[in-house]
Amino acid sequence: MERIAVLTSGGDSPGMNACIRATVRRALGRGLSVLGAKKGYEGLIDDEFTAMSSSDVSNIIQRGGTILHTARSPRFLEAEGRARAAENLRNRSVDGLVVIGGDGSFRGASDLFNEHSIPVVGVPATIDNDIWGSDLTIGYDTAVNTALEAVDKIRDTAAAHDRLFIIEVMGRSAGFIALEVGIGTGAEAVLIPETRTDLQAVCDKIQGRIRRGRTSNILIVAEGDEAGNAFEIAAKIFDLSGLKSRVTVLGHVQRGGSPTTADRVLASKLGWAAVEALMDGAWPCMVGEVDNTVVRHPLADSWTNRKALDPLLLTLSDNL
Ligand code: F6P
């Protein structure tokens, strides 16, 4: 192996830059040359590459976003797009590809390997934390802390006005962000896709609290909850109980910002590990961290298995 390429794909997450940095520096340290592909798989298809030196990744470990840019690439879902990507990689003598992203990005990487034998290694990076095979994904810790800080601020105004707030957090179809933010902010209820949502029970709980003089209440709603989005839930709660509320959707603020120490360190470990996996011929695989140990899994395991929520967190959320 003499040359590798690296890309970031799908929704950005804080720590992607730290991972690019580790990948580039470890590859250079192993005597490889490195190309960065721009805008994820779009860059592979359009032959948009840039040579990466050690100084190109200086001063980025603390930056959110991704210096390589990212995209969701409909063209890469088509066999024709993947064939062009493989041809461009071959023409540039790329021997292996590091894909930093989520499960959609890993499926694309897997197709590239299966159809064109391009060695691929995936690094899990998404704020949603919904990738099996790594206790945490790059960006999740930062996103949770960003959301937590915002909810703490909303708690102040909720308390001042004796109000009910319904706050929607991201997570796609997973409740990891909602659950930890709910526990961390002492939310009165957390609504997540993994558990059945009973809005009548939520109303009863809040009304009981109000009767006992607890007049500020916070509900955290994961965007994928089956009861609907935060505005729909607010309307349903009003219809069921007459409770009025204010709604805040935290949205993309959760994707930005400087990564936490935990995300920078995880990104550094996994960027390093991705290069090692390529050098060892371990493709197609995903690198992750389980119980503080860096691990490798067959790439497809990352989406054929579903990552479970910690039952203890569910108990804490329901009972504290
Ligand atoms: O996967 C990360 C994520 O932020 C999800 O939480 C959210 O559902 C989605 O991406 C939003 O995607 P986009 O930025 O393309 O609207």
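Up top is the structure these notes are about.
Residues numbered from 1 in each chain as written. Predicted model: local features only at pLDDT ≥ 70, side-chain atom pairs only at ≥ 80, totals over all residues. Heavy atoms only, no water.

A. Quick peek at the overall build of the protein. Counting secondary structure elements, the protein contains 11 helices and 11 strands. Against the globule reference of 20 Å for 320 residues, the protein gives a C-alpha radius of gyration of 21 Å, in line with a compact fold. Considering only intrachain contacts with a sequence separation of at least 6, the fraction spanning at least 24 residues in the protein is 75%. For the protein, the accessible surface area stands at approximately 13,600 Å², while carbon and sulfur atoms represent 48% of it. Computing the positive centroid from 34 side-chain charges and the negative centroid from 41, the protein places the two 4 Å apart. (Helix = DSSP H or I, 4+ residues; strand = E, 2+ residues; numbered from the N terminus. Rg over C-alpha atoms; globule rule 2.2 N^0.38 Å. Contact = heavy atoms within 4.5 Å. Areas by Shrake-Rupley, 256 points an atom, 1.4 Å probe, with all protein chains shown as cover. Lys, Arg positive; Asp, Glu negative; His and termini not counted. Charge placed at Lys NZ, Arg CZ, Asp CG, Glu CD.)

B. Highlighting the sheet that holds strand 8 (residues 217–222). The sheet built from four strands is open, its strands ordered 7-8-6-9 with parallel pairing. In this open sheet, the two strands that pair with only one neighbour each are strand 7 (189–191) and strand 9 (246–249). When strand polarity is set aside, the average angle formed by the axes of neighbouring strands in this sheet is 20 degrees. Here strand 6 (residues 164–169) runs beside strand 9; their pairing, made up of four bridges, is parallel. (Pairing = 2+ DSSP bridges. Axes fitted to C-alpha atoms, helices over the stretch in contact; angles between N-to-C directions.)

C. Just unusual backbone geometry, in detail. The omega angle of the peptide bond from Trp-283 to Pro-284 is -5 degrees, so this bond is cis rather than trans. Note on placement: Pro-284 falls in the loop between helix 9 (261–279) and strand 10 (285–290). Positioned with a positive phi, Ser-117 is a non-glycine residue whose angle comes to about 55 degrees. When you line up the elements, Ser-117 lands in the loop between helix 4 (103–116) and strand 5 (120–124). By relative accessible area, Ser-117 is classed as exposed at 52%. The backbone of Asn-292 shows a phi angle near 70 degrees, a positive value even though the residue is not glycine. Take Asn-292: it is sitting in the loop between strand 10 and strand 11 (293–298). (Buried < 20%, exposed > 50% of the residue type's maximum accessible area, 1.4 Å probe, protein only.)

D. Main features of helix 1 (residues 16–29). For helix 1, with 14 residues, the first-to-last C-alpha span of 20 Å sits near the 20 Å given by 1.5 Å per residue. Here helix 1 lies mainly inside the structure; 10 of its 14 residues are buried. Looking at helix 1, one finds that the buried residues are Met-16, Asn-17, Ala-18, Cys-19, Ile-20, Ala-22, Thr-23, Val-24, Arg-26 and Ala-27. Its buried side turned inward, helix 1 meets strand 1 (3–8), strand 2 (33–37), strand 3 (49–52), strand 4 (96–101), strand 5 and helix 9. Where helix 1 terminates, the next one or two residues include Gly-31, which has phi positive at roughly 85 degrees. (Expected span 1.5 Å × (residues − 1).)

E. Layout of the pairing of strand 10. Where burial is concerned, most of strand 10 is hidden: five out of the six residues are buried. Bridge count for strand 5 against strand 10 is two bridges, and the pairing is parallel. Considered in strand 10, the bridge of Gly-122 is made with Met-286. One ladder, built from six bridges, connects strand 10 with strand 11; its direction is antiparallel. In the strand pairing of strand 11, Glu-289 is matched with Val-294.

F. Representation of the sheet that holds strand 3 in the model. Judged by pairing direction, the sheet is mixed, and its seven strands sit side by side in the order 3-2-1-4-5-10-11 without closing on themselves. Edge strands, defined here as strands with exactly one partner in the open sheet, are strand 3 and strand 11. Between one strand and the next, the sheet's axes are offset by a mean angle of 30 degrees, whatever the strand orientation. As judged from the five bridges shared by strand 1 and strand 4, these two strands associate in the parallel manner. Bridge assignment links Thr-8 to a residue of strand 4, and that residue is Ile-100. Against the sheet, helix 4 makes contact with strand 4, strand 5 and strand 10, and its axis sits at roughly 165 degrees relative to strand 4, the strand it touches most.

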